[in-house]
Amino acid sequence: MSTTDTAQPTTPTVTSMEEAMEGMDMGALLDLEAAQPGHLRRGEIVEGMVMGASADGLIVDVGTKTEGVIPPGEMLSLGAEGAAKLKAGDTVKVMVLQPASSEGHAIVSLDRARGEEGWDTLAERYESGEIFDAQVTGYNRGGILVNVDGVNAFVPLSQIESVRRDDPEAATALGNLVGKPVRLKVIELNRKRNRVILSERAAMAEFRKEQKDKILDDLHEGEIRKGRVSSITDFGVFIDLGGADGLAHMTELTWERGKKAKDLYNIGDEVDAYILKVDHDTRKISLSLKRAQPEKWDTTVNRYVIGQILIGRVTKLMAFGAFVRLDGPVEGLIHISELSNRRIQHPKDVVKEGDIVPVKLVRIEKDRHRLGLSLRQARNDSEAMGFVFDASGAVLDYPDDVREQFGLPERDKAAIAARAERAEPRNAQEAIERAVARDPEPVSAFAHAFAQALENAEGGNSFAVAETPSPEAAVAAEEAPAVEAAPVAEAPVAAEPEAVLTGDSPAASQEIAEATPDETGSEDAGTATEESAAAEEDATAGEAT
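Note that this is a predicted model, so its numbers are computed, not measured. (Residues numbered from 1 in each chain as written. Predicted model: local features only at pLDDT ≥ 70, side-chain atom pairs only at ≥ 80, totals over all residues. Heavy atoms only, no water.)

Chemist: Could you clarify how one ought to interpret the nonpolar core in this entry?
Modeler: In terms of nonpolar packing, the biggest core is built from 30 residues, with L326, V351, V357, L371, L373 and L375 touching the most fellow members. Contributions of two or more residues to this core are made by α7 (295–301), β16 (309–318), β17 (321–327), β18 (330–335), β19 (356–365), β20 (370–374) and α9 (400–406). Top element by residues in this core is β19. It accounts for 4 residues. With near-sequence residues (within four places) excluded, L373 lies in contact with V324, L326, G332, L333, I334, H335, E338, V359, K360, L361 and V362. Ranked by size, the runner-up nonpolar core spans 23 residues in total, among them F132, A170, L174 and V182. (Core = buried A, V, L, I, M, F, W, Y, C linked by side-chain atoms within 4.5 Å. Buried < 20%, exposed > 50% of the residue type's maximum accessible area, 1.4 Å probe, protein only. Helix = DSSP H or I, 4+ residues; strand = E, 2+ residues; numbered from the N terminus. Contact = heavy atoms within 4.5 Å.)

Rendered as structure tokens:
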């Protein structure tokens, strides 16, 4: 046989291979691609080892010549910390999204690999109504984003219990939830549309229903419990005590006045709550946050003694008195009867909010965390310290150290002198005239008698009712036309001037008793009024709770 007759094997050309591949269906092509050694297949779930991190994401060795990269958006199931939860050498399962990118590496997804199992888990939870916790991964103006076992889910704003829809700061509140765990329940599931809707509101309602009865039995008035701020309103703060919410009214948030709830707390804050009341009939829990932290108030007040002169700032005026901030969270009340020695209609007649005033400590109620203060009783000692007052009891000037301590403006000597000159009467007669002009209705007969006695005393004869007319006055009286005079009743002052002045006569004693207020009675009445106002405030807080 000649060499030319021997059959030689032929090598398939590129053209013949392309022609062969054109005759293959898609399934055969995928099988051929998978048969290639070290080749990745789109949609395939493979196991890889974490090699490190780069600007594009997490680098994973998937057993091929090139590494795979997990972009940040494909590992949301790790939570807000993302790649920080994985370290070099950790083994993870990933799904191949692109076997080869333009940069030469594969694009893989951690979330989608987990999502295959996540969908099954969500379906089971949807059927059973199970409540579970998940971490917030992001937010938009419509709600928050959550990743559950690799499946991206959405919680609408209407289904978020910890954020109110009408809150102007809702966007900020949603942003504060990122990275925090929330309790959720599946309310809609559609795998074909890749749609999962969760609800915090439904989860919390069901959870509370199961837990509230148990918690109500465990709570005891007077104890302190740990809780979490679940909602903030204009009238107070709701605290989650582990499945049951209690309300801390605005008056029970802080010892300081003028503070708003949103300035003190944020949603999710961990707080200590004092149990004020547990109502099993209405299933309501009343809480106090300020009473759970009494140490600072007690420590400050323990330094005070009854009768001590303190300096504070007026923070609020009420019809029954003025509140004064002394130190830190400590405030006291100056009852309206303790503002001035004269009767006033409203505290604004003597002080205004922001005024710096010296006060005398007259009462300490540690059990109710209340202090009783007096401005009028502090006047004598305060004047010795350098304070200047006007006739009504308002402060005109301050000592230099007080000005420096409270940052008061420099002293205007001319203005202070002018106010003092207008305020201080020059003599007793002017004081009486000012009193009559200022408040003529309550002036008693004793005041008139006292004024007449002063006139007689200044004339040189305290026992004379009328002076003897001079000769010239007598001649003028004779020449004047006769006028019939009305009968004049005898003045009681001429009969017993000393009794009028000293108040020894029964009539004068009665007039003095009517004209002179009973100081003890006034203090008792003031205390009663203050306690009544405090009771009304407590009742208002109770009704709101």
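On we go.
Chemist: So what exactly am I meant to see when it comes to the pattern of salt bridges here?
Modeler: Close approach of charged atoms allows side chains with opposite charge to pair. Using the criterion set out here, one finds 14 salt bridges in the structure. Residue D133 pairs with R183 through a salt bridge whose shortest N-O separation is 3.8 Å. Linking D133 in strand β6 (residues 132–140) with R183 in strand β9 (residues 181–190), this pair joins segments that are 50 residues apart in sequence. You can call D133 exposed: its relative accessible area is 52%. We note a salt bridge from E188 to R195, for which the minimum N-O separation is 2.6 Å. (Salt bridge = Lys/Arg side-chain N within 4 Å of Asp/Glu carboxyl O.)

Chemist: What is the right way to read the packing of aromatic side chains from this model?
Modeler: Each aromatic ring pair is characterised by the separation of its centres together with the angle its planes make. Following the criterion strictly, the structure yields 3 aromatic pairs and no others. Ring plane angle 85° and centroid distance 6.2 Å describe the contact between F320 and F323, whose orientation is recorded as edge-to-face. For F323, a relative accessible area of 8% corresponds to the buried category. Judged by centre distance (6.0 Å) and plane angle (75°), the ring pair of F387 and Y398 falls under edge-to-face. On the criterion of sequence distance, the pair formed by F387 in the loop between α8 (379–385) and β21 (388–389) and Y398 in the loop between β22 (395–397) and α9 is long-range, its members being 11 residues apart. Y398 matches F387 in its accessibility class, with the two residues each being buried. The ring of F132 carries R125 above its face, with NZ or CZ at 4.2 Å from the centroid. The ring of F207 has R183 lying over it, and the distance from NZ or CZ to the ring centre is 4.1 Å. (Phe/Tyr/Trp six-rings, centres within 6.5 Å; stacked < 30°, edge-to-face > 60°. Lys NZ or Arg CZ within 6 Å of the ring centre and 35° of its normal.)

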